[in-house]
Protein chains: 4
Amino acid sequence: MVIADKVLSIQFQKTAFLLPENSGYVGELEVVDIGMELSDNLENIERMTLENDGMRRQLRPRPRYAHKGTFGHGLLVAGCDRMPGAAVLAAKAAMRGGIGKLTVHSVKSVCQTLAITLPEAIHHLDDNEQYVSRIDWNSLPENINAVALGPGLGTQKQTVAVMKDILDTVKTPLVIDADALNMLAENKTWLAFLPPYSILTPHFAEFERLAGKPSDDFDRLERAKQFAQRYTVILVLKGHHTVITLPDGRQFFNTTGNAGMATAGSGDVLTGQILSLLAQGYPPEHAAMLGVFLHGAAGDAYARDNDPRTLIASDLPEYFSNGILAMKNDEWR
Amino acid sequence: MVIADKVLSIQFQKTAFLLPENSGYVGELEVVDIGMELSDNLENIERMTLENDGMRRQLRPRPRYAHKGTFGHGLLVAGCDRMPGAAVLAAKAAMRGGIGKLTVHSVKSVCQTLAITLPEAIHHLDDNEQYVSRIDWNSLPENINAVALGPGLGTQKQTVAVMKDILDTVKTPLVIDADALNMLAENKTWLAFLPPYSILTPHFAEFERLAGKPSDDFDRLERAKQFAQRYTVILVLKGHHTVITLPDGRQFFNTTGNAGMATAGSGDVLTGQILSLLAQGYPPEHAAMLGVFLHGAAGDAYARDNDPRTLIASDLPEYFSNGILAMKNDEWR
Amino acid sequence: MVIADKVLSIQFQKTAFLLPENSGYVGELEVVDIGMELSDNLENIERMTLENDGMRRQLRPRPRYAHKGTFGHGLLVAGCDRMPGAAVLAAKAAMRGGIGKLTVHSVKSVCQTLAITLPEAIHHLDDNEQYVSRIDWNSLPENINAVALGPGLGTQKQTVAVMKDILDTVKTPLVIDADALNMLAENKTWLAFLPPYSILTPHFAEFERLAGKPSDDFDRLERAKQFAQRYTVILVLKGHHTVITLPDGRQFFNTTGNAGMATAGSGDVLTGQILSLLAQGYPPEHAAMLGVFLHGAAGDAYARDNDPRTLIASDLPEYFSNGILAMKNDEWR
Amino acid sequence: MVIADKVLSIQFQKTAFLLPENSGYVGELEVVDIGMELSDNLENIERMTLENDGMRRQLRPRPRYAHKGTFGHGLLVAGCDRMPGAAVLAAKAAMRGGIGKLTVHSVKSVCQTLAITLPEAIHHLDDNEQYVSRIDWNSLPENINAVALGPGLGTQKQTVAVMKDILDTVKTPLVIDADALNMLAENKTWLAFLPPYSILTPHFAEFERLAGKPSDDFDRLERAKQFAQRYTVILVLKGHHTVITLPDGRQFFNTTGNAGMATAGSGDVLTGQILSLLAQGYPPEHAAMLGVFLHGAAGDAYARDNDPRTLIASDLPEYFSNGILAMKNDEWR
């Protein structure tokens, strides 16, 4: 067994260098440019890293003659009386991510918290004060064009019924996180009903509940591929290098982010960020890739100004701007 | 049909270049100074852009021997239990806009939110906990000199009666926004009772409900002119280039602002800003023009420090100061 | 009648130049140094301006081997259900002003607001949820060494009784502001029971209720002098140049501050600031003078970084530090 | 009796120079380096100062392939209806200190406050709305690996029973502060049941209640040594130079911090900071020493940017990052 001090990787990082299990064997990693051309058309390459050049091109200019309708109207179904924070973090991220309007369907206490911390959010109150129990679709704004669910929802029986109702009702791609993933894991037959190109954002433990325990890191990647292909979904497998798997099986390793982001609520922010991009009209693949990349870029921007140990999830939406500016100026790497 | 790469406009921007429908045909726009003198007396020119030189002159110095009474006492009638955020945004903008005192008439939950987020505001509580149902004029401070209504009010039957009561009671120009505009659209006979020089701030959809669907952008401008003249009001038609129409029919295109401001709550901030200027004693025309110009200048100041995609409405009052400083230093354009 | 473009004042500003009524006649004011020596011993001079040199000397270094007890424990009696903001502003100012501990006696809703906005404050809850109705002295911490009352208290009958109870119980100098001043004006016999060297902080209208309507600005100064001497109190008469009158009749014109501070809640901040200094052991005269000077210095520090129009009272405690640093570095004038 | 203007101390500060009682006799203190080597192995030295070199080495890098589980899950038992602030300050410090997850067991009003001020925290609600009355261990997350208790708890009978329950249940070192110390002082037989290497953080008065009144500063140090040895605990005796006593009797004087930190809530922040380090897997001795050192370093970082008089406890977690950066860059001394 070799434990390398330094590893040279030809033209791009090989998959093996990006996996947690190998982190102990890969010392300082340097990518050596030997002049290979990487086509913009990535269709023939199975596993790639997300790089700033490509991500920056995905970032759309905001049209001048826009109004808030131009940037979409997202619905976030999140939070319960005992877990209000996750909904707040996701909502802030959605607003800071550039969405036109955000409606949050949640319980009273979450809405009271939002009134104070995010006056820009529109409230859609559940009848139940403890947990989300029913969505009255008729009273929702008509122009909602993207839906995310999961952060802080809990898994009460009535909330499970709400999730089923959403699957029956919403035909556009969903963003599914946290307790919504747990509800899916408990009701695996529902996987077949997910709108195509829905974006699921599990961490390792949540993915195991969905797709079984992998034998090693490569097997986890393989399971992710099979899962995304089988259910025609986009799988965002969160980790140090978050891996995005598209329905065609291609896999993308994220290259932004740092260990300071391994902190409670970080994932809720990502959910809000992806919802935001989806509502703004980004195709689901771009919403997932760009969301993950920007989320990490925000964390890296924080780490440039601060010691990363001190990062808390609330910092991330506040650093979206610096993360985007770093991308634009290519100062970021 | 010509799609121009570059457009030269003689001395000032022609109206056609400022309309959304033409945005696809106008490439880079350059204004060519051929030495025409624009008189300060604008009476003979029908459509003008708001420029920094003129706006800066409207901005009054704050007299040294002032006390908070010098800067007026505004009343904001806004908010309901399910929409507390709009009232908070408008109230913050009013305070940051330089008003001496602000009283907010609203429901209990809005006042509780204000206690936390804007301790400077004075509360005037409605008896109803869900929505604004009645204003007890006797218990209001006597020195109130400007009134705005609309943000987050809802359109409950009793709230509609409150609006009628305000029209019957208040003789000074009102600022009317959001749900108050919707109530007006439902009760068009009330338009005749608006105090002269009231300021209405509809976006395109709200204006359609008030004045019918225009055939094109020029027709919208024409309808705005007729509306302002007929009801002797100032119409602030919100869009990329917000257009202010005075009761004499003159129209002013705003030149500040950016697409980052196309975000929920941005309009509530404008309402608070205009109320603030009105209470400070600015004539209604100046309050409307300066309010719109400063609102956009604040957004532009945000965009100089940040990526504009990340702007949320709460940022605007915090950037009023930078917007004003940019105006003063003429750094802003 | 001469309206001067420029006024030269020999060695220091003459009183007449500092009065509001004369502000229209005094243009640009320049103080000409002709080499007169102003003694540190001010006893023989009746009216003086507060200058940075003297104020800086009053500012005590914070001893190294200090603990929070060293910096006193203040009691703030303030706020009611309908006016929670004033108590919050005064409390923040007290904490930012350097006090060791602060206990706030108030109603439940004010304490809930403080929990969110100033977790450092200790709560002492009134039994009544609407307004302050009774202070249980036995349950208060024993080490309280300074008391302020008034901001947002209201003037309910039971609150009036609490004020009387405080006058009967507290033997150290009180800070009295806002509604506490109004209660005094309604119960002028209580003036005789004020602990000597109590600090009263009326604005012009509040002072009129206490001491009658003055014929002009000079008469107001004369009434202030008589009032302070008669009741052995320190009178802080708030205005553009706030005037501090000591029990020996000497009067000091403040020279810090700006028109941006003419905004709701500014006075509540001053009350908290003076309470803070009193609790830290400053003699009442110094607490009053230094409090007023620092309050204005904070406003001036804000105005150096921002357009002063946008100042709200919450900004002032956040600028205490910059105000003090400017004093120390003498950058401030 | 000599009152020195300047004191030279050979190679390191002698204990006598660090004690409050002697502060009046020690003027400017200079440490003279005579080339003595201080071994990293401190076992033979009884009393030492904490210096940046050693503390910086204790600070662990954050591993790249980390997830939030890597950084532990702390439980904070704190707060009651009348004292919500202390729990909030401790919780913020724990999160900013780099912990992976934090669960707060407290009453409803504290949790509502946390939802607004720290959405990252997980709530574990007590059945009682006034004070902590019972912990349902079964409903707590299983991965909790560090527990702190005390800030703002109160000493209600049922809360005392909760403390006993914690002592009976938790086998890992506890962080014990504030009211938990007072409960220990009232129940001294419980001292024998403290998990070894628990960290107690009394100020002088709290320590007196635990270990009796010392005759002088040296006797206090001696009592601290005996206490730590007898109960196998780490004693953090808070003061200008906080002294950490290890179970083997060695004592460490902290060298960071300033008089601005003598303010309400400062100790609650320290409790959260130590809990954070403990949960991240630092050995209890390092958690105590590093926590105290960083707490002071944060205060010193505040004092570099601001006048230290204006420091409030909420500032400290926000300055953790600057404190750590100063340590890393050795800019700090």
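This one's a predicted model, so the numbers in the text were calculated from it and none came from an experiment. (Residues numbered from 1 in each chain as written. Chains lettered and ligands numbered in written order. Predicted model: local features only at pLDDT ≥ 70, side-chain atom pairs only at ≥ 80, totals over all residues. Heavy atoms only, no water.)

Undergrad: So what about the packing of aromatic side chains? Which residues, and what values?
TA: A full pass over the atoms with the stated rule returns 12 aromatic pairs over all chains. Summarising the aromatic geometry, the rings of Y302(B) and Y319(B) are spaced 5.3 Å apart at their centres and angled 80° between planes, so their arrangement reads as edge-to-face. In this pair, Y302(B) sits in helix α9 (residues 284-305) while Y319(B) sits in the loop between α10 (315-318) and α11 (320-329), placing the two residues 17 residues apart along the sequence. Owing to a relative accessible area of 5%, Y302(B) belongs among the buried residues under this scheme. By relative accessible area, which is 15% here, Y319(B) ends up buried. Lying over the aromatic face of Y282(B), R60(B) brings its terminal NZ or CZ to 4.5 Å of the ring centre. Positioned over the ring face of F71(D) is R62(D), at 3.5 Å from the centre of the ring. (Phe/Tyr/Trp six-rings, centres within 6.5 Å; stacked < 30°, edge-to-face > 60°. Helix = DSSP H or I, 4+ residues; strand = E, 2+ residues; numbered from the N terminus. Buried < 20%, exposed > 50% of the residue type's maximum accessible area, 1.4 Å probe, protein only. Lys NZ or Arg CZ within 6 Å of the ring centre and 35° of its normal.)

Undergrad: Which residues make up the interface of chain B and chain A, and what values do they have?
TA: With 32 residues of chain B in contact, the opposing surface of chain A contributes 30 residues. In this assembly, chain B packs against chain A so that about 2700 Å² is buried in total across both faces, 57% of it on carbon and sulfur atoms. The interface formed by chain B and chain A contains 11 residue pairs in polar contact (both at pLDDT 80 or more). A per-element tally of the side of chain B that touches chain A places helix α2 (residues 85-96) of chain B first, with four residues. Partitioned by chemical class, the residues of the side of chain B that touches chain A number 16 nonpolar, 11 polar and five charged. (Contact = heavy atoms within 4.5 Å. Buried area = accessible area lost by both parts, 1.4 Å probe. Polar contact = N/O pair within 3.5 Å; in protein donor to acceptor, adjacent residues only side chain to side chain. Nonpolar A, V, L, I, M, F, W, Y, C, P; charged D, E, K, R; others polar.)

Undergrad: Summarise helix α9 (residues 284-305) of chain A; cite the residues concerned and give the values.
TA: The end-to-end C-alpha separation of α9(A) is 32 Å, in line with the 32 Å expected for 22 residues at 1.5 Å each. Of all the 22 residues making up α9(A), 17 are buried; the element is thus mostly covered by neighbouring parts of the structure. (Expected span 1.5 Å × (residues − 1).)

Undergrad: Any chance you could break down the sheet that holds strand β8 (residues 174-176) of chain B for me, citing the residues and the numbers?
TA: All names here are of chain B. Taken in spatial order, the 10 strands line up as β3-β12-β11-β10-β9-β8-β7-β4-β5-β6 in an open sheet, and their pairing is mixed. Two strands lie at the open edges of the sheet, namely β3 (47-49) and β6 (122-125), each paired on one side alone. By the bridge criterion, four bridges tie strand β5 (residues 101-106) to β6 in an arrangement that is parallel. Each bridged residue has a counterpart across the sheet, and for T103 the counterpart in β6 is I122. Contacting β4 (73-77) and β5, α2 runs over the sheet at an angle of about 165° to β5. The strands that helix α4 (residues 157-169) touches are β4, β7 (146-149) and β8; relative to β8, the one it contacts most, it runs at about 150°. (Pairing = 2+ DSSP bridges. Axes fitted to C-alpha atoms, helices over the stretch in contact; angles between N-to-C directions.)

Undergrad: Pulling in residues and values, what's your account of the relation of the copies chain B and chain A?
TA: Screw-axis analysis of chain B against chain A gives a translation of 0.0 Å along the axis, an RMSD of 0.0 Å, and a rotation angle of 90°. What the superposition gives is, in effect, a four-fold axis relating one chain to the other. Of the C-alpha atoms belonging to chain B, the one lying closest to the rotation axis is found on I116(B), 5.2 Å away. Here only 3% of the contact residues of chain B are again contact residues in chain A; the copies associate through non-equivalent surfaces. (Least-squares fit on C-alpha atoms with pLDDT ≥ 70 in both.)

Undergrad: Explain the relation of the copies chain D and chain A to me, and be specific about the residues and the numbers.
TA: It takes a turn of 90° to lay chain D on chain A, together with a shift of 0.0 Å along the axis; the resulting RMSD is 0.0 Å. Different-surface contact between copies: only 3% of interface residues of chain D are shared with the interface of chain A.

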